[in-house]
Amino acid sequence: MADKPSESTADARHWALEHLDDPITLADLATRANMSVRTFSRRFRDEVGTTPNRWLTSRRVDRARELLEESDLSIDAIAARTGFGTATSMRQHMNEALGVSPSAYRRTFKAPV
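Quantities reported herein were computed from a predicted structural model and do not represent experimental measurements.

**Some words on the pattern of salt bridges**
Inspection of the entire model under this criterion finds five salt bridges. The shortest N-O distance in the salt bridge between arginine 65 and aspartate 62 comes to 3.9 Å. Separated by three residues within a single helix, arginine 65 and aspartate 62 lie in helix α4 (residues 52-70), roughly one turn from each other. You can call arginine 65 partly exposed: its relative accessible area is 29%.

Below is the structure:
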C-alpha cells in the first residue's frame, strides 16, 4: 500500500525550522506530523536520510553560522536564538560539526562592515 502524501514529515520539518529557538522534542515533531514517535522516526529517516535529532542539530548549526556571519549578536544570544540554550552547548555542537568554535568561526567568516 502506498503512503499518502499527507503522511510525510515535511510539515513537521518546516515547523521546526520556524521554531529553532524553542526546545523541540521528537514527540513534538511526531505530534506535528500526527504520527507515533516510532513511525515518525522511521519515516523521517527514510525521507531525510538521518535521525530527527541529527537533522535538527544540523539546522541549528546552519542558523548559528548565518547569525555569526551576518550579525553582531553575542554568542549567548545566538545560542538562545538557535535553540542551543547556552554558549557552551553551541560551542560543543559547532566543534563537533565544523571543528571550530563559534568565536573562531565568526573571526574567519564574518563579512566586513
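**Here's the deal with the nonpolar core**
Membership of the largest hydrophobic core comes to 13 residues, with the highest contact counts inside it found for Ala16, Ile24, Leu29, Phe40 and Leu56. Those elements giving two or more residues to this core turn out to be α1 (10-18), α2 (26-32), α3 (37-48) and α4. For this core, the element with the most residues is α1, which contributes three residues. If sequence neighbours within four positions are ignored, leucine 29 has contacts with Ala12, Trp15, Ala16, Ile24, Phe40 and Pro52.

**Examining the packing of aromatic side chains**
Here the distance between the centres and the angle between the planes together describe a pair of aromatic rings. Scanning all chains against the criterion turns up three aromatic pairs. Ring geometry for phenylalanine 40 versus phenylalanine 44: centroids 5.6 Å apart, planes at 45 degrees, classification tilted. Note that phenylalanine 40 and phenylalanine 44 are positioned in helix α3 at a spacing of four residues, about one turn of the helix. Taking relative accessible area as the criterion, phenylalanine 44 reaches 0% and is therefore assigned buried. Relative to tryptophan 55, the ring of phenylalanine 44 has its centre 5.6 Å away and its plane inclined at 70 degrees; by these criteria the two rings are edge-to-face.

**As for the confidence of the model for the protein chain**
Predicted confidence across the protein chain gives a mean pLDDT of 93, with 94% of residues reaching 70 or more. By mean pLDDT, the top-scoring element of the protein chain is α1 (98), and the lowest-scoring one is helix α7 (residues 102-109) (95).

**Quick look at the environment of serine 58**
Among the secondary structure elements, serine 58 is positioned in helix α4. Sequence separation of serine 58 and serine 8 is 50 residues, and the distance between their C-alpha atoms is 20 Å. Within the local environment of serine 58, its side chain forms a polar contact with the side chain of arginine 59, the two groups lying 3.0 Å apart.

Reading the values: rules and limits
Residues numbered from 1 in each chain as written. Predicted model: local features only at pLDDT ≥ 70, side-chain atom pairs only at ≥ 80, totals over all residues. Heavy atoms only, no water. Salt bridge = Lys/Arg side-chain N within 4 Å of Asp/Glu carboxyl O. Helix = DSSP H or I, 4+ residues; strand = E, 2+ residues; numbered from the N terminus. Buried < 20%, exposed > 50% of the residue type's maximum accessible area, 1.4 Å probe, protein only. Core = buried A, V, L, I, M, F, W, Y, C linked by side-chain atoms within 4.5 Å. Contact = heavy atoms within 4.5 Å. Phe/Tyr/Trp six-rings, centres within 6.5 Å; stacked < 30°, edge-to-face > 60°. pLDDT = per-residue confidence, 0-100. Polar contact = N/O pair within 3.5 Å; in protein donor to acceptor, adjacent residues only side chain to side chain.

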